[in-house]
Amino acid sequence: MWLQVVLSCVLLALVIVFFLTTGKRYKVFTEKCLRPPRPLVTDTKQRDERLKRGFRMDRVPPALDTVVIGSGVGGLTAAALLSKASKRVLVLEQHDQAGVCTHTFQNKGFEFDVGIHYLGQLHENSLLRIALDQITQGQMQFIKLEEHFDTVILDQPSHYREYHIHAGKTKMASSIKKQFPGQEQAIDEFMRLMKLCSKRTPLIAVLKLIPFWLVKFLVKPRTGIIRHISSVFRLATTSHSEIMSHLTEEKDLQTLSAYLFYGVPPKESSFLINALLLQHYKRGAYYPRGGASEFAFHIIPTILQAGGDVLVRAPVQRILVNQEGKAYGVTVLKGQDEIEVHAPVIISNTGIFNTFQRFLPQHIQDTPEIQSLLAMVRPGMGSFLVFVGLDGSKEDLGIVSTNFWLYKDNDLDSLMERYFSLSRQEVVGNIPMMFITFPSAKDPTASIRLPGKSCMTLLTMARYEWFEEWDGTKQGKRGQDYLDLKNSMTQELLDWALTIFPQLQDKVVMVDAATPLTNVHYLGALRGAMYGAEHNVERFAPETVASIRPQTPVTGLYLTGQDVFCNGMAGALHSGILCSSAVLHQILYIDLLALKYRLKYKQANHKLTWQ
């Protein structure tokens, strides 16, 4: 135990010394940047002026410090933090509005979120909340959902079971114990490991900050000491199924420990990522007031204040690299022409595969350094979403903010293995897993913005191969076979959802769906993978974690986004902090933690004053 503590402290000290002795220091985080939240902007024209500002050469700011490719949370976070360090940043987005997975769209009078379903760790003075306040100048507001935030339904022909997940420091564990009598010891141990993963995850991030030569020394099979630093490295490289099988033989409880699906069976996924996903909601689940597009809407002003901009309809074609191997700009397709935009720093928020295989010159793609990185990960699973418009308010329809996770078997390994091995012809009629959420029931402003209307989103995972035949075809012109597959999967998910919510049977007024090809078209997601590179056990091996960092083998080119850290909004935001730290040669987490402790001290003194 003491050896682990000493080694952890030494590792952190090395990181701090490394960054403190290189480059100048920037004051990025400050309480002065925060303003009282302004009224929600609902005017479409005002919102479009910020979120849909189209690319033109005369709108490109002069003397750019940085170009960011992609306006997802990872890209916008990096851009905002660099802007707060007085850097002039241009964000280029290929879609017609900024935000990527945080953007919203309207269809037949209904508004749908694409990728933000609910968030955790946004309680007062949490690190995530403080970071969001900094990049949005305190303008983001969140609605805390009900304590009972998730329901897991295991629906086998002979036995229907429903389990409830509650938020709360002790409530989550006590609630699960009530539903699994006799499993108290297993649940306590699982909760202990969840907490350990949460507390020690910064050590995982440290591997992306320290010099790579030091990482190689730490992870050497014989002489490496990383396994002595913390047990989190063992948890990260052990499959979820392996650890859970040691804790309990209760299959339903095993399922409950890994119900937040992202396309990887528990036997192939890291225990660390599953533990972190559930821990993420332990202190409560939240939803952005005003909808997911509020993220981009409130981050963009921070970029504008430093002289930068965020421009859409700006499909980057190439990253420009000079003869010395340094990135110095990008080209953007405008009509039939490619326009060059120059900057000494290029940040890609498009994922490791798009960045290296699509944007870089072939001779650089072929280098051993790039090929070695690409070999460490593989593309993630695609997704299939169904957007349902409902006639009536949440009160009329009896819908709630709770999310629902449905499985037709309690053996997730077998269930996912069977499903992902299906051919295209076998998919319809055999979808075994689904997520159901009601965004309009979570946001009280939805009933004001869109009175008398509600929406439901259904989601399942889907292999890109099922739709690959139509790769390269245009949106809306993919033929009848594509529509038949898409519509059949849509109807199957909708029929399943209506068995859970029969009161909605006659309230469905519109239905639309998004396949992996839709994700490619609108989100630029490789093979339609919304969560980036696959989150398997191999991805969390120390050498892989350390290798896939913001810095790349190309001087001046950096990575941000889910591939750098992990999936979801929180993972993307942390990737932006890591990327900005690398660009500025400054550990921004140190400054962020200092601000957190100042705020807690200030809050404690304020309470004492009023007592």
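Everything below is about the structure shown above.
An account of the accompanying structure is given in this report. Values in this document were obtained by computation on a predicted structure and should not be read as measured data. (Residues numbered from 1 in each chain as written. Predicted model: local features only at pLDDT ≥ 70, side-chain atom pairs only at ≥ 80, totals over all residues. Heavy atoms only, no water.)

**Overview of helix α5 (residues 171–179)**
Stated precisely, the cut-off is as follows: Burial classes: relative accessible area under 20% of the type maximum marks a residue as buried, over 50% as exposed, and values in between as partly exposed (1.4 Å probe, protein chains only). What counts as a helix is a DSSP run of H or I of at least four residues, what counts as a strand is a run of E of at least two, and both are numbered from the N terminus. By construction, the arc corresponds to the directions joining the helix axis to the C-beta atoms. Any two residues having at least one pair of non-hydrogen atoms within 4.5 Å are treated as being in contact.
All of the buried residues in α5 are M172, A173, S175 and I176. Looking down the long axis of α5, one finds its buried residues gathered within 165° of arc, a one-sided arrangement. Contact partners of the buried residues in α5: β7 (148–156), β8 (159–166), α6 (184–206), α11 (251–256) and α12 (271–279).

**Focus on the packing of aromatic side chains**
How we decide: We call Phe, Tyr and Trp rings a pair once their centres come within 6.5 Å, taking the six-membered ring for Trp, and we label the pair stacked below 30 degrees between planes, edge-to-face above 60, and tilted otherwise.
All told, the structure shown has 22 aromatic pairs when counted by the stated rule. Aromatic pair F105 and F387: ring centres 5.0 Å apart, planes at 85°, arrangement edge-to-face. Of this pair, F105 sits in strand β3 (residues 104–107) while F387 sits in strand β15 (residues 382–391), placing them 282 residues apart in sequence. The interplanar angle of 55° and the centroid separation of 5.4 Å between the aromatic rings of F112 and F387 together place this pair among those described as tilted. Taken together, the residues F112 in strand β4 (residues 110–113) and F387 in strand β15 connect sequence positions 275 residues apart.

**Considering the packing of α5 against α6**
The angle between the axes and the distance between the axes are what describe a pair of packed helices. Filter applied, for reference: In this description, a line fitted to the C-alpha atoms serves as the axis of each element, helices being fitted only across the stretch in contact, and the angle between N-to-C directions of two axes falls anywhere from 0 to 180 degrees. Working rule for angles: under 35 degrees goes down as roughly parallel, over 145 as roughly antiparallel, 65 to 115 as roughly perpendicular, anything else as oblique. Handedness of a crossing follows from how the near helix is turned relative to the far one, being left-handed for an anticlockwise turn of less than a right angle and right-handed for a clockwise one. Any residue outside Ala, Val, Leu, Ile, Met, Phe, Trp, Tyr, Cys, Pro, Asp, Glu, Lys and Arg is labelled polar, Gly included; the first ten of those are nonpolar and the last four are charged.
Orientation of α5 relative to α6, taken along the N-to-C sense of each, is 155°, at an axis distance of 10 Å. Here α5 is positioned roughly antiparallel relative to α6, judged by the angle of their axes. The element α5 and its partner α6 pack so that their crossing is right-handed. Only E184, I187, D188, M191 and M194 of α6 make contact with α5, whose side of the interface consists of M172, A173, I176 and K177. Among the residues making up the contact of α5 with α6, the classes are represented as 6 nonpolar, no polar and 3 charged.

**Observations concerning the nonpolar core**
It is characteristic of soluble globular proteins that their nonpolar side chains tend to be buried jointly. Threshold: Nonpolar core, defined: a set of buried Ala, Val, Leu, Ile, Met, Phe, Trp, Tyr and Cys residues in which side-chain atoms within 4.5 Å join the residues together.
Counting residues in hydrophobic clusters, the biggest one holds 210 residues, and the most contacted among them are L92, V330, I436, M456 and F467. The element best represented in this core is α6, accounting for 12 residues.

**Considerations on the pattern of salt bridges**
The test is simple: By salt bridge we mean one thing: a side-chain nitrogen of Lys or Arg within 4 Å of a carboxyl oxygen of Asp or Glu.
Taken as a whole and assessed by the stated rule, the structure comprises 22 salt bridges. A salt bridge links D48 to K52; the nearest nitrogen and oxygen atoms lie 4.0 Å apart. D188 is the salt-bridge partner of K177, the closest N and O atoms lying 2.6 Å from each other. Here D188 lies in helix α6 and K177 lies in helix α5, a separation of 11 residues in the sequence. Looking at D188, the relative accessible area reads 38%, which means it is partly exposed. Where salt bridges share partners, they join E31, R598 and K602 into one cluster.

**With respect to the sheet that holds strand β11 (residues 316–321)**
Two strands in a sheet stick together by hydrogen bonds in their backbones, pointing the same way (parallel) or opposite ways (antiparallel). Rule in force here: When DSSP locates at least two bridges between a pair of strands, those strands are taken to pair.
With antiparallel pairing, the 3 strands of this open sheet are ordered in space as β11-β12-β13. Two strands in the sheet have a free side with no partner beyond their single neighbour: β11 and β13 (337–342). Recorded for the sheet is a direction-independent mean angle of 25° between the axes of neighbouring strands. As judged from the 5 bridges shared by β11 and strand β12 (residues 327–334), these two strands associate in the antiparallel manner. Across the sheet, residue R318 finds its bridge partner in β12, namely T331.

**Here's the deal with the environment of D396**
In plain terms, the rule: Polar contacts, as counted here, are pairs of nitrogen or oxygen atoms within 3.5 Å of one another; within protein the pair requires one atom able to donate a hydrogen and one able to accept it, and residues that are adjacent in sequence qualify only if both atoms are side-chain atoms.
Examined against the element boundaries, D396 turns out to sit in helix α17 (residues 394–397). Linking D396 and G452, residues 56 residues apart in sequence, is a C-alpha distance of 8.7 Å. A distance of 3.0 Å separates polar atoms of two side chains, one belonging to D396 and the other to S393.

**Looking at α6**
What counts, and what does not: For a helix, the expected span equals 1.5 Å multiplied by the number of residues minus one. The bend reported for a residue corresponds to the angle between axes fitted to the seven residues ending at that residue and the seven starting there.
Between the first and last C-alpha of α6 there are 34 Å, a value that for 23 residues agrees with the 33 Å anticipated at 1.5 Å per step. Maximal helix bending in α6 amounts to about 40°, located at R200; proline P202 follows within four positions.

**Let's talk about the pairing of strand β17 (residues 433–437)**
Where burial is concerned, most of β17 is hidden: 5 out of the 5 residues are buried. Residues M433, F435 and T437 line one face of β17 and the alternating positions M434 and I436 line the opposite face, and both faces are buried. The sheet contact formed by strand β16 (residues 403–407) and β17 spans 4 bridges and is antiparallel. Of the residues in β17, the one forming a bridge with W405 is F435. Of the pairings in the sheet, the one linking β17 to strand β18 (residues 453–462) comprises 3 bridges and is antiparallel in character. Pairing of F435 across the sheet is with L459, part of β18.

None of this, on its own, says anything about what the molecule does.
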